[in-house]
Amino acid sequence: METVLAIAIGVLTGSGVWLLLRPRTFQVIMGLSLLSYAVNLFIFSMGRLGLAVGKAPVLAGGVPQDLQHYADPMPQALVLTAIVIGFAMTALFLVVLLASRGMSGTDHVDGSHSRDKQEMP
Amino acid sequence: MSQAHLLDAISRLMPHLMLAPIVLPLLTAALMLLVREERQRLKLALNLLSTLLGLAIAVALLCWSARAGSTATLAVYLPGNWPAPFGIVLALDRLSALMLVLASGVALASIVFAASRWHRAGVHYHPLFQFQLMGLAGAFLTADLFNLFVFFEIMLAASYGLLLHGSGRARVQAGLHYIAINLAASSLFLIGVSMLYGITGTLNMADLARAIPQAAAGDRGLLHAAAGILATAFLIKAAVWPLNFWLVPAYSAATAPVGALFALMTKVGVYTLLRLWTLLFGAEAGASALFGGPWLVGGGMLTMAFGAIGMLGSQRTTHLAGFAAVLSSGTLLAAMGFGQTELTAALLYYLPSSTLAVSALFLLADLIERWRNDGTSTDPDDEDAPFLNPELLPTQGLNLDDEEEVLIGRVIPAAAAFLGLAFMACTLVIAGLPPLSGFVGKFAMLTALLNPLGLGASAGLRPGPAGWALLALMIITGLLALIALTRAGMRHFWAAHGRAAPRLRVLEGLPIAALLAACVVLTVQAGPVMAFTQATANALHAPGTYVRAVMSATPRPSPPKEEAPAL
């Protein structure tokens, strides 16, 4: 489970960073989204006592109430906040992206296409 | 007597008063959202009133934390009424109070300046401004890492809106880069915070300070990695080289009052680094003591060099102001990284004075550029702004020696004289020349570098190579800043041949004069201010008091439950 999650986070981060460095605004926003998915998964994996595999998140009767038996609630709270904020920021970025596209007529991150050969029609 | 009464009244309001810098802007902004967009005057009045009240509260908090003869200079507030490591904690100490006053002061100057014209350049200026203040105050007051993240995001979200205020292609372009780098920085922030939680099991700053010396030896590397990642997020905000290429385009594209406010935003990064680094990696942190110090020193010095060279290469006054912000930020980071109490005290004096001067320069730049363009603001859509061309070609009026007119006795219009004097004052503070506060701050830092243990106590001690390098760099960057600013001043004020006298509105001159007057006050009152920053630095470098105060805060007992009325 750890290996699978680590590979998933790694792949998401790698693709996110690569897309973030691309010259098109749409690629940048995709990169930022992938990066935030990777970060959210990463926060989940950072609970105390490692990954909570097969542990219940909700308290149940008859089970001792400690982290040996339950998933750590803290990363869940953190990830919830991070998702909400990340989503809002991505939406805002999307608006700025559209404004930039409308004003400059190009979707290049620098708003000019003079030094760029891959021209969009 | 009345002073004692006032302090007494403030003490009675504590610790609830420390919540006001966060709640007041929040409520004001919420209220303004209900007001129709056409009622700009009402919104402006609300904004001014709230900011003024915020400044008064911040000054009250500063007086409270600085009051003499009291041991409890630290206020702790438990918003959720949970004891320290479990609930969110707000803590107010001298450093937070100082930053609050600085933020409210700059904000007030900015909003007064905006009141003359800039606030009409787009919608929702006033609510965004208040949300920005809320985020700033929260970042200064919180004692919890994740809460810090939330306040950072509030501050950034508002700053995105403010940066785009007035629209135009240059702003949208700069805003795109600014948002992208800050979103990436937020990801780093989250990674660092969650790693710290995974290793230590807490996000409370005071609890972290206790947990770090006790971390297992095997976790030490991971802990340092987490701290490094977290610090990178703050260093991006603090505009350290090479993570600062976004700053100058963004700050110079922003409208002038927003630029003045943004000059403060880099200091938030500096504040957070200072707070967390002294708390988590101070001398008491065991195996992690002073971790990352050399990085701060090195990064800070590179940033200083970058800022000074950038200032030399700047054509526009707004770029000059942006690079001055970078230079000031680099100086603070490099001085912080030594981890010496005396040096920290000196940099805490330098921080407000340089922030005030850079903010004033941003406001001034707007007036100067408008003057050059005969009353119109620069068109951000125009990539080759018209005022740039005459500067690149030698103009006729440039060489004053060949001037045929008699220079002596020519009447200088009052507005031009004001602009010139204000520019000169900014130059003196930023370059660190006597007699203004920039010189006092730099001199104090140089003294602290040469006498690491304080005057008289450090005989025979010599600064290391890093100390000498910073010493030299501080003097050289001061000289370069002086050259750049003098050149700009000559171009704008002496070579102003054949141009109409500038038109200056009182509302626009007042905030600049007030910011510079604050610098003068800092100079005149250098003794008490230095005593205050010395006490602040002492407290920062002995974080035991802070940790104990936060961890021992007890929740209020809940009122006894009332019996349910019988039906």
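Quick word on the overall build of chain B
1) Next: When its secondary structure is counted, chain B shows 21 helices and two strands.
2) Next: Out of the 567 residues in chain B, the part that is buried amounts to 53%.
3) Next: Pairs at least 24 residues apart make up 81% of the contacts formed inside chain B by residues separated by at least 6 positions.

Focus on the overall build of chain A
1) Next: The helix and strand inventory of chain A stands at three helices and zero strands.
2) Next: What you see in chain A, going N to C, is helices and strands ordered as α-α-α.
3) Next: Against the globule reference of 14 Å for 121 residues, chain A gives a C-alpha radius of gyration of 20 Å, more extended than a compact globule.
4) Next: Relative to all contacts within chain A whose residues are 6 or more apart in sequence, the contacts with residues 24 or more apart total 53%.

Describing the interface of chain B and chain A
1) Next: At the interface, 23 residues of chain B touch 28 residues of chain A.
2) Next: The set of elements that each furnish at least two residues to the side of chain B that touches chain A consists of helix H6 (145-163) and helix H7 (169-200) of chain B.
3) Next: Among the elements that take part in the side of chain B that touches chain A, H7(B) stands out by supplying 16 residues, more than any other.
4) Next: Looking at the side of chain B that touches chain A residue by residue, the class counts come to 15 nonpolar, six polar and two charged.

Here's the deal with the nonpolar core
Residues and elements named next belong to chain B.
1) Next: Ranked by internal contacts, the top residues of the largest apolar core, which has 221 residues, are Ala324, Ala360, Leu364 and Val550.
2) Next: Tallying contributions element by element places helix H14 (residues 341-372) first for this core, with 20 residues.
3) Next: Dropping the residues within four chain positions of it, leucine 364 is found in contact with Leu419, Ala422, Phe423, Cys426 and Ile512.

Things to note about the packing of helix H3 (residues 73-104) of chain A against H6(B)
1) Next: Packing of H3(A) against H6(B) leaves a shortest axis separation of 11 Å and a crossing angle of 10 degrees. As far as their axial angle goes, H6(B) and H3(A) are roughly parallel. From H3(A), Leu78(A), Thr81(A), Ile85(A), Met89(A) and Leu92(A) reach across to H6(B), where they touch Phe146(B), Val150(B), Glu153(B), Ala157(B) and Tyr160(B).
2) Next: Looking at side-chain class alone, the contact of H3(A) with H6(B) contains eight nonpolar, one polar and one charged residues.

Considerations on the environment of Pro555(B)
All names here are of chain B.
1) Next: On the secondary structure map, proline 555 appears in the segment after helix H21 (544-551).
2) Next: When the C-alpha positions of proline 555 and glycine 310 are compared, they lie 51 Å apart, and in sequence the two are 245 residues distant.
3) Next: Filtering out sequence-adjacent residues up to four positions away, proline 555 remains in contact with Leu78, Asn81, Trp82 and Pro83.

Section: helix H3 (residues 40-66) of chain B
1) Next: For H3(B), with 27 residues, the first-to-last C-alpha span of 38 Å sits near the 39 Å given by 1.5 Å per residue.
2) Next: For H3(B), every residue scored as buried is listed here: Lys43(B), Asn47(B), Ser50(B), Thr51(B), Gly54(B), Ile57(B), Ala58(B), Ala60(B), Leu61(B), Leu62(B), Trp64(B) and Ser65(B).

A word on helix H19 (residues 506-524) of chain B
All names here are of chain B.
1) Next: For H19, which comprises 19 residues, the first-to-last C-alpha distance of 26 Å matches the rise-based estimate of 27 Å (1.5 Å per residue) to within 8%.
2) Next: Among all positions of H19, only Glu508, Gly509, Pro511, Ile512, Leu515, Leu516, Ala518, Cys519, Leu522 and Thr523 are buried.
3) Next: Buried residues along H19 sit in contact with helix H4 (94-116), H14, helix H16 (414-431), helix H17 (437-450) and helix H20 (526-541).

A look at the environment of Gln214(B)
1) Next: Assignment of secondary structure puts Gln214(B) in the loop between helix H8 (205-211) and helix H9 (220-237).
2) Next: In this structure the C-alpha to C-alpha distance between Gln214(B) and Thr200(B), which are 14 residues apart in sequence, comes to 9.1 Å.

Quick look at the confidence of the model for chain B
Do not read the fine detail of predicted coordinates wherever pLDDT is low.
Residues and elements named next belong to chain B.
1) Next: Per-residue pLDDT for chain B averages 84, and the proportion of residues at 70 or more is 89%.
2) Next: When mean pLDDT is taken per element in chain B, helix H5 (residues 125-141) scores highest with 93 and helix H15 (residues 389-392) scores lowest with 37.
3) Next: Note that pLDDT drops below 50 for residues 379-409; the model gives that stretch 24 contacts with residues more than four away or on any other chain.
4) Next: The complex model carries a pTM of 0.88, and its ipTM stands at 0.89.

Observations regarding unusual backbone geometry
Excluding glycine, residues mostly carry a negative phi; peptide bonds, for their part, are mostly trans.
All names here are of chain B.
1) Next: Going from tryptophan 241 to proline 242, the amide bond is cis rather than trans, its omega being 5 degrees.
2) Next: Relative to the assigned elements, proline 242 resides in the loop between H9 and helix H10 (247-253).
3) Next: The omega torsion across proline 434 and proline 435 is 10 degrees, close enough to zero to call that bond cis.
4) Next: One non-glycine residue, asparagine 81, adopts positive backbone phi at about 60 degrees.
5) Next: Within the secondary structure, asparagine 81 is located in the loop between strand E1 (75-77) and strand E2 (90-92).
6) Next: For asparagine 81, a count of 11 C-beta atoms within 10 Å gives the class exposed.
7) Next: Unusually for a residue other than glycine, alanine 239 sits at a positive phi of about 65 degrees.

Definitions and limits used
Residues numbered from 1 in each chain as written. Chains lettered and ligands numbered in written order. Predicted model: local features only at pLDDT ≥ 70, side-chain atom pairs only at ≥ 80, totals over all residues. Helix = DSSP H or I, 4+ residues; strand = E, 2+ residues; numbered from the N terminus. Buried ≥ 20, exposed ≤ 12 C-beta atoms within 10 Å, placed from the backbone. Contact = placed C-beta atoms within 7 Å. Rg over C-alpha atoms; globule rule 2.2 N^0.38 Å. Nonpolar A, V, L, I, M, F, W, Y, C, P; charged D, E, K, R; others polar. Core = buried A, V, L, I, M, F, W, Y, C linked by C-beta atoms within 7 Å. Axes fitted to C-alpha atoms, helices over the stretch in contact; angles between N-to-C directions. Parallel < 35°, antiparallel > 145°, perpendicular 65-115°, else oblique. Expected span 1.5 Å × (residues − 1). pLDDT = per-residue confidence, 0-100.

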